[in-house]
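Residues per chain, in single letters:
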There are 2 protein chains.
Amino acid sequence: MAIKQVIVVRTDLDMGKGKIAAQVGHACVMGAEHVRKSNPDWFSEWWEAQEKVVLKVANLKELEQIIRDAQEFGLPCSGISDAGHTQLPPGTVTCASIGPAPEEKIDKITGDLKLL
Amino acid sequence: MAIKQVIVVRTDLDMGKGKIAAQVGHACVMGAEHVRKSNPDWFSEWWEAQEKVVLKVANLKELEQIIRDAQEFGLPCSGISDAGHTQLPPGTVTCASIGPAPEEKIDKITGDLKLL
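What counts, and where the lines are drawn
Residues numbered from 1 in each chain as written. Chains lettered and ligands numbered in written order. Predicted model: local features only at pLDDT ≥ 70, side-chain atom pairs only at ≥ 80, totals over all residues. Heavy atoms only, no water. Pairing = 2+ DSSP bridges. Helix = DSSP H or I, 4+ residues; strand = E, 2+ residues; numbered from the N terminus. Contact = heavy atoms within 4.5 Å. Axes fitted to C-alpha atoms, helices over the stretch in contact; angles between N-to-C directions. Buried area = accessible area lost by both parts, 1.4 Å probe. Salt bridge = Lys/Arg side-chain N within 4 Å of Asp/Glu carboxyl O. Least-squares fit on C-alpha atoms with pLDDT ≥ 70 in both. pLDDT = per-residue confidence, 0-100. Buried < 20%, exposed > 50% of the residue type's maximum accessible area, 1.4 Å probe, protein only. Phe/Tyr/Trp six-rings, centres within 6.5 Å; stacked < 30°, edge-to-face > 60°. Lys NZ or Arg CZ within 6 Å of the ring centre and 35° of its normal. Parallel < 35°, antiparallel > 145°, perpendicular 65-115°, else oblique. Nonpolar A, V, L, I, M, F, W, Y, C, P; charged D, E, K, R; others polar. Core = buried A, V, L, I, M, F, W, Y, C linked by side-chain atoms within 4.5 Å.

To continue, consider the sheet that holds strand S1 (residues 3–10) of chain A. Strand pairs in the sheet, formed through backbone hydrogen bonds, run parallel or antiparallel to each other. All names here are of chain A. An order of S3-S4-S1-S2-S5 is seen for the 5 strands of this open sheet, with the pairing classed as mixed. Strands with a single pairing partner mark the edges of an open sheet, and in this sheet they are strand S3 (77–81) and strand S5 (114–115). Packed onto the sheet, helix H2 (residues 40–47) meets S1, strand S2 (52–57) and strand S4 (93–102) and runs at close to 85° relative to S1.

Structure follows, in structure tokens:
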């Protein structure tokens, strides 16, 4: 069973590459810690290769739809809000982690999204 | 005591922003898990705000020097190698996590580096 983590990033926020990297880093850690506690089997399976895929959506509406789909589908999902110290207003939702979880489940939610 | 995590990224590899984000994501998770086990007090202190700073170096030589400095200084440090499935040759060292650890210690190693 292939276990992967997908991070979905908004492209409408005009974030620089360092900002994107930090937000995705938050998402990776939140998602990994969530699943380490909630589903240790998935976490262990994922840990060896730690497959991560970074995908994009056009705006908040699309990101919120992905988060709702993941939640309805019972997939672990962590939305990331920026603290707003630098480039963005406080509380701006920048990205979300889905998984680590079985690839075939995640692909049902994010299979149509393009790589960032 | 402010605890932060610094990720140092090579800029000479011509990585796209999604690739950089995934590599930084790896570094964030490896660094966080390392310190969760090796220094639970630092980890707990860091967890609330999860301060992350993404910095840059020009090439592998500079990254290796930072890693050596961090190790000599006794700071938790995780170098990240790419699996090489996509844009880079297998084993390419792309970035490193230093910390989470006290800010004043990390700044002695990375204080002169610029934001990515």
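Having put the structure on the table, let's press on.
Right, let's talk about the interface of chain B and chain A for a bit. Counting residues at the interface gives 22 residues for chain B and 22 residues for chain A. Of the roughly 1900 Å² buried between chain B and chain A, counting both surfaces, carbon and sulfur atoms make up 75%. Here chain B and chain A share 2 salt bridges between them. The salt bridge partner of A:Glu33 is B:Arg36, with a shortest N-O separation of 3.7 Å. Breaking the side of chain B that touches chain A down by element, the ones donating at least two residues are helix H1 (17–38), helix H2 (40–47) and strand S2 (52–57) of chain B.

Turning to the relation of the copies chain B and chain A, a few remarks are in order. Mapping between the two copies of the chain is achieved by a rotation about an axis and a shift along the axis. Once turned by 180° and shifted 0.0 Å along the axis, chain B lies on chain A with an RMSD of 0.0 Å. Taken together, the turn and the small shift mark the pair as related by a two-fold rotation axis. Of all interface residues in chain B, 100% are interface residues in chain A too; the two copies therefore contact each other through one and the same surface.

With that out of the way, let us pick up the confidence of the model for chain A. Scored by pLDDT, chain A has a mean of 95; 100% of the residues are at 70 or more. Here the prediction assigns the complex a pTM of 0.95, and the interface score ipTM is 0.94.

Turning our attention to the pattern of salt bridges. Proximity of charged atoms lets side chains of opposite charge pair with each other. Per the stated rule, a full pass over the model turns up 12 salt bridges over all chains. Of the charged contacts in the structure, one is a salt bridge between B:Asp12 and B:Arg10, with a shortest N-O distance of 2.9 Å. Here B:Asp12 falls in the partly exposed class, since its relative accessible area comes to 36%. Salt bridges sharing partners connect three or more residues here, namely A:Glu33, A:Arg36, B:Glu33 and B:Arg36.

Attention now goes to the packing of aromatic side chains. Within this structure, the stated rule accounts for 6 aromatic pairs over all chains. On the numbers, 5.9 Å between centres and 50° between planes, the contact of A:Phe43 with A:Trp46 is tilted. Within this pair, A:Phe43 and its partner A:Trp46 are both found in helix H2, separated by 3 residues, close to a single helical turn. Given the relative accessible area of 1%, A:Trp46 is considered buried. One aromatic cluster is present, built from ring pairs that chain together A:Phe43, A:Trp46 and A:Trp47. It is A:Lys37 that lies over the ring of B:Trp47; its NZ or CZ is 5.9 Å from the centre.

Looking now at the sheet that holds strand S3 (residues 77–81) of chain B. Residues and elements named next belong to chain B. The sheet built from 5 strands is open, its strands ordered S3-S4-S1-S2-S5 with mixed pairing. On the outer flanks of this sheet lie S3 and strand S5 (114–115), each paired with one strand and no other. Relative to strand S4 (residues 93–102), strand S1 (residues 3–10) is paired through 6 bridges, and the arrangement is antiparallel. Within S4, the position partnered with lysine 4 by the bridge is alanine 101. Running at roughly 85° to S1, H2 makes contact with S1, S2 and S4 of the sheet.

Attention now moves to the packing of H1(B) against H2(B). All names here are of chain B. Between H1 and H2, whose axes approach to 6 Å, the crossing angle comes to 130°. Here H1 is positioned oblique relative to H2, judged by the angle of their axes. Counting all contacts with H1, which are made through Ala32, Val35, Arg36, Lys37 and Ser38, the residues of H2 involved are Pro40, Trp42, Phe43 and Trp46. In the contact of H1 with H2, the residues fall into 6 nonpolar, 1 polar and 2 charged.

To continue, consider the nonpolar core. By size, the foremost hydrophobic cluster in this structure holds 76 residues, and its most contacted members are A:Val9, A:Val24, A:Ile98, B:Val9, B:Val24 and B:Ile98. Here B:Val24 is in contact with A:Ala21, B:Ile7, B:Val9, B:Val54 and B:Cys95, once residues within four sequence places are set aside.

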